[in-house]
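Architecture and fold: a report
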2 protein chains.
Amino acid sequence: MVLKVYGPTFASTKRVMACLMEKEVEFETVPIDILKGDHKHPQFLQLQPFGVVPVIQDGDYTLFESRAIIRYYAEKYKSQGSDLLGKTIEERGLVEQWLEVEAHNFHPPIYDLVIQILFSSKLGFPADQDVIKESEEKLGKVLDIYEERLSKSKYLAGDFFSLADLSHLPFTHYLTGAMNKDYMIRDRKNVSAWWDDISNRPSWKKLLQLYPYLIFGNVLQV
Amino acid sequence: MVLKVYGPTFASTKRVMACLMEKEVEFETVPIDILKGDHKHPQFLQLQPFGVVPVIQDGDYTLFESRAIIRYYAEKYKSQGSDLLGKTIEERGLVEQWLEVEAHNFHPPIYDLVIQILFSSKLGFPADQDVIKESEEKLGKVLDIYEERLSKSKYLAGDFFSLADLSHLPFTHYLTGAMNKDYMIRDRKNVSAWWDDISNRPSWKKLLQLYPYLIFGNVLQV
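Rules behind the numbers
Residue numbers here run from 1 along each chain, matching the order of that chain's written sequence. Key to labels: chains lettered from A, ligands numbered from 1, both in the order written. Only residues with pLDDT of at least 70 are given local features in this predicted model, and only at 80 or more are side-chain atom pairs given and counted; all residues enter the totals for whole chains, interfaces and linings. In computing side-chain properties, one takes all heavy atoms of the structure into account and sets aside hydrogens as well as water. Only the stretch in contact is used when fitting a helix axis, every axis being a line fitted to C-alpha atoms; angles between N-to-C directions are given from 0 to 180 degrees. Helix and strand labels come from DSSP, where a helix needs a run of H or I of at least four residues and a strand needs a run of E of at least two; each type is numbered from the N terminus. When an angle is under 35 degrees it counts as roughly parallel; over 145 it counts as roughly antiparallel; between 65 and 115 it counts as roughly perpendicular; any other value is oblique. In what follows, residue pairs with any heavy atoms lying within 4.5 Å of each other are defined as contacts. Side-chain classes follow a simple rule in which Ala, Val, Leu, Ile, Met, Phe, Trp, Tyr, Cys and Pro form the nonpolar group, Asp, Glu, Lys and Arg form the charged group, and the remainder, Gly included, forms the polar group. In what follows, salt bridge is the name for a side-chain nitrogen of Lys or Arg lying within 4 Å of a carboxyl oxygen of Asp or Glu. Definition of a polar contact: a pair of N or O atoms within 3.5 Å, with one able to donate and the other able to accept a hydrogen when the atoms are protein atoms, and with sequence-neighbouring residues admitted only if both atoms are side-chain atoms. Strand pairing is assigned whenever DSSP detects at least two bridges linking the two strands. UniProt positions are given in the numbering used here, feature names are shortened, and annotations may be inferred rather than shown by experiment.

The next point concerns the packing of helix H1 (residues 11-22) of chain A against helix H7 (residues 169-176) of chain A. All names here are of chain A. Contact geometry of H1 with H7 gives a least axis separation of 7 Å together with a crossing angle of 125°. Here H1 is positioned oblique relative to H7, judged by the angle of their axes. Where H1 abuts H7, its residues Ala11, Ser12, Lys14 and Arg15 lie against Pro170, Phe171 and Tyr174. For the contact of H1 with H7, a count of residues per class yields 4 nonpolar, 1 polar and 2 charged.

Shown next, in the form of structure tokens:
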């Protein structure tokens, strides 16, 4: 039975699909329409009790939380496709560190920017300019630390591409595209070179082609 | 050179120390006084550019982010002390899943409760009752999902104690102690049995004895 990935149009699911494509693992996708309430359907809640995407089904194994899923596949197919965890326990430690930084420092402000700038009108509330300003400042400070880090190594965890870099792809894609905030990347030399590198990986370009970003059913032009 | 752990009085650092004690790894602690601004000192920022605890130094290896550090030591000393990652890749996947749930679903509302109820007056702002109410509701919903999960397995990731359970100790300790919200645990039969189990582990009891919780220099009575 082919691996099933639920909710392919969502950014956090793209984190999972990017990993699977790097690992050359075949999968099929199951659409989740949040406007129709698919994510609150009892059958879906059996798989994911919090009612959010992504979730995967691999035979009788079910797993949710995007960053748990990518760790699982990076480990399961360690020697297939790109190695995304580093070669030593110490390298993996640094992958974990920057993956945590992505989750706890980078993600919250970029998520708030995406919601306020791209989704607020669709969700029926006005964009809050104070939240936008504050989130952009927070994100800028995180990117300043990345700029310093990337002056010392090509990628976040060292001189190898890893889950830590990959995990940034889905939301940074909004920043440089639909949100018109490309300058946040371009104003920082090392971050800019890093972004050019990771966003031009063949797996990511193929993913964007096969699974475009949708905002409530419309293909998002970027 | 003995492993150094920075900021032993802080709850997130206790996540690291609980893991080290389960793994029977010796360490020494380096105090960090946030009122004196130790966490913003250039020397500390060299170790942890975001200026937060914990951070560890193990010979010439430096690592920050509590959940990255516990993964690193659970892996490095896989066969020493308690096994905290599960026996198979699939079990580890579930450990990662519930560790992510702890970080993204459980932690934000319990952190807000701790700040508002225990720290607001010390930090010089009034407790926001709306935030307290909303956070308690959110945390309650998460604990309802735990209650269901723990009706099927003794621990979060399965029938074995793991990093996923351990990661809940430091902040739940505030909930059942200083915050007087023990009922949030006790009203849920399976969560209650799980909490009794994990909070009575010898390593955690020893840690509380050796490294008490401090709130701005005062031993926190719980």
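Let's shift gears to the interface of chain B and chain A. Accessible area lost upon the coming together of the parts is a frequently used measure of interface size. On the chain A side, the residues contacting the 28 residues of chain B number 28 residues. Counting the contacts that link chain B with chain A gives 4 salt bridges. A salt bridge links Arg71 of chain A to Glu96 of chain B; the shortest N-O distance between them is 3.6 Å. Of all elements in the fold, only strand S4 (61-64), helix H3 (66-76), helix H4 (89-123) and helix H5 (129-149) of chain B reach the threshold of two or more residues within the side of chain B that touches chain A. Residue contributions to the side of chain B that touches chain A peak at 13 residues, all from H4 of chain B. Partitioning the side of chain B that touches chain A into residue classes produces 14 nonpolar, 5 polar and 9 charged.

On to the side chain of His168 of chain B, then. All names here are of chain B. Looking at where His168 falls in the secondary structure, it is placed in the loop between helix H6 (163-166) and helix H7 (169-176). Looking at His168, its side chain comes within polar contact range of the side chain of Tyr146, at 2.7 Å. His168 has contacts with Trp98, Glu102, Phe106, Tyr146, Leu156, Trp194 and Trp195, leaving out every residue within four places of it along the chain.

To continue, consider the sheet that holds strand S2 (residues 28-30) of chain A. All names here are of chain A. Within the open sheet, the 4 strands sit side by side as S2-S1-S3-S4. Their pairing is mixed. Looking at strand neighbours, the two that pair on one side only are S2 and strand S4 (61-64), the edges of this open sheet. Each strand axis lies, on average, 20° off the axis of its neighbour in the sheet, ignoring direction. Relative to strand S3 (residues 55-58), strand S1 (residues 4-6) runs antiparallel, the two being bridged by 2 bridges.

The subject of this paragraph is the pairing of S3 of chain A. Bridge count between S3 of chain A and S4 of chain A: 4 bridges; the pairing is antiparallel. In the sheet register, Ile56 of chain A faces S4 of chain A, and the bridge partner there is Leu63 of chain A.

With that settled, the discussion passes to the UniProt feature "domain: GST N-terminal" (unreviewed entry) in chain A. The feature "domain: GST N-terminal" (unreviewed entry), as given by UniProt, occupies residues 1-81 of chain A in the numbering adopted here. With 36% helix and 17% strand, residues 1-81 of chain A has its two end C-alpha atoms placed 21 Å apart.

The next thing to look at is the environment of Gly93 of chain A. Note on placement: Gly93 of chain A falls in helix H4 (residues 89-123). Along the primary structure Gly93 of chain A and Ala157 of chain A are separated by 64 residues, whereas in three dimensions their C-alpha atoms are 8.6 Å apart. Look past the residues within four positions of Gly93 of chain A in its chain and what remains in contact with it is Tyr61, Leu63, Ala68 and Tyr72 of chain B.

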